[in-house]
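If you want the building blocks of each chain, they are given just below.
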Amino acid sequence: MHGEYKVPGGKLVTVDVDIEGERLTNVRVAGDFFLDPDSALDRITGALEGLPAIASAQEIAQAVADALHPGDTLLGFDGDAVGVAVRRALGHALDWDDLDFEVIHSPTVAPMLNVALDETMAEDVAARRRKPFLRIWEWDSPCIVIGSFQSYDNEINQAGIDRHGMTVCRRPSGGGAMFMEPGNCITYSLVAPTALVDGMSFAASYPFLDQWVLEALGKVGVDAHYVPLNDIASDAGKIGGSAQKRFASGVMVHHATMAYDIDADKMLDCLRIGQEKIRDKGIRSAAKRVDPMRSQTGMARADIIAVFLDHFTARYAATPGEVTEADLARAQERCAQKFSHDEWTRRIP
């Protein structure tokens, strides 16, 4: 059996392995990584021989760590990468090529409905009623979407919300607040089996899942990179951030919001943002707008989205999909049951 894992920003690790008596045998680890001394590779492969075929990626990584000596140098990979490659070889973990993705440009709906769609459509993927997909959001009204674990009172300036006619809703995933007016940012959701990130920490999974969008940003003239844990940035500052929710059903939602052209004064009037957050968002006291994508690309938002969709489609051989009327009706029902209730929105006061 053969498995491969390309470390985001690093090197390729390949593993070939057989199974005998529910144990790993004939393990061969290779790749374009750097390793010194050469004998460390023999110790790594030796540590994997005889491991249970059901060993987790973390157990495999620990076996690699235990085999290393002080002074061994690994460049471009680590034990975690070996663990993912072994799990892929054994069929416990999935690669992008194992999945049949759809790409969807959503109809323009209420922001809360987009939040609900992330949950209801993920349930459809888990039940195999729908293929894994990438979905670009469109929304028709201003809203602040707060993370699952944020305090409403700490994050929201209610007077500003009322003054500007904003709504507030809470999403199932963690992370920070999203200030959303029609046309001011680009938000997408990636829904796929959690096995795609089997063996990866949350920290490692973020750049892995967003690698495609860094490439797409390069196509529109933005030299983007990842800033741990979950920020997408360029030399000019932060562009956006990602969030993730892994459901017990074995499916995850990973989404990102990137600023296209935001009214910073209005955002600061609606959110309680401390000075640390202001510096992190690249906002200056005299700034009127946060426009990293518009200013760096000179492109219309719709044209950037077209590049994103085309790039994802080409990279992963994806096919067109859609949000159906039945999808919208189910999401609307979920809004009525959950997302529109103060019990959910203010669950952390």
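Residues numbered from 1 in each chain as written. Predicted model: local features only at pLDDT ≥ 70, side-chain atom pairs only at ≥ 80, totals over all residues. Heavy atoms only, no water.

1. Quick look at empty space enclosed by the protein
- Under the counting rule described, the total for this entry stands at 1 cavity of 30 Å³ or more.
- Along the walls of the largest cavity sit Asp118, Glu119, Pro172, Ser173, Lys245, Phe247, Val253 and His255, which together make up its complete lining.
- When its residues are assigned to classes, the lining of the largest cavity shows 3 nonpolar, 2 polar and 3 charged. (1 Å grid on protein atoms, 1.4 Å probe; cavity = no way out; pocket = protein on both sides within 12 Å on 5 of 7 lines; lining within 4 Å. Points joined across faces, edges and corners; volume = space filled by probe spheres on them. Nonpolar A, V, L, I, M, F, W, Y, C, P; charged D, E, K, R; others polar.)

2. Focus: the sheet that holds strand β7 (residues 133-136)
- Read from one edge of the open sheet, 8 strands run β12-β13-β14-β15-β11-β7-β6-β18, paired in mixed fashion. Looking at the sheet topology across the chains shown, the edges are occupied by β12 (224-227) and β18 (319-320).
- Running over the sheet, helix α8 (residues 211-219) touches β7, β11 (185-193), β12, β13 (231-234) and β15 (251-259) and is turned about 150° from β12. (Pairing = 2+ DSSP bridges. Helix = DSSP H or I, 4+ residues; strand = E, 2+ residues; numbered from the N terminus. Contact = heavy atoms within 4.5 Å. Axes fitted to C-alpha atoms, helices over the stretch in contact; angles between N-to-C directions.)

3. Considerations on the pattern of salt bridges
- Counted by the stated rule, this structure contains 20 salt bridges.
- Of the charged contacts in the structure, one is a salt bridge between Arg334 and Glu119, with a shortest N-O distance of 2.8 Å. Placement of Arg334 in helix α13 (residues 325-339) and of Glu119 in helix α4 (residues 111-126) is noted, with a sequence separation of 215 residues between them.
- Of the residues examined, Arg334 reaches a relative accessible area of 15% and is grouped as buried.
- Put simply, Arg330 and Glu123 hold a salt bridge, and the shortest N to O gap is 2.7 Å. Here the residue Arg330 occupies a position in helix α13, and Glu123 occupies one in helix α4, the gap between them amounting to 207 residues.
- Judged by its relative accessible area of 27%, Arg330 is partly exposed. (Salt bridge = Lys/Arg side-chain N within 4 Å of Asp/Glu carboxyl O. Buried < 20%, exposed > 50% of the residue type's maximum accessible area, 1.4 Å probe, protein only.)

4. Looking at the layout of surface pockets
- In this structure, the second largest pocket spans a volume of roughly 450 Å³.
- When residues of the lining of the second largest pocket are assigned to their parent elements, the largest contribution, 5 residues, is made by strand β1 (residues 2-6).
- Within the lining of the second largest pocket, the residues separate by chemical class into 10 nonpolar, 4 polar and 7 charged.

5. Quick notes on the packing of aromatic side chains
- Here the structure, examined in full by the defined rule, presents 12 aromatic pairs.
- The ring of Phe133 has Arg130 lying over it, and the distance from NZ or CZ to the ring centre is 5.7 Å.
- The ring of Tyr152 has Arg346 sitting right over it, with the charged end atom 3.9 Å from the ring centre. (Phe/Tyr/Trp six-rings, centres within 6.5 Å; stacked < 30°, edge-to-face > 60°. Lys NZ or Arg CZ within 6 Å of the ring centre and 35° of its normal.)

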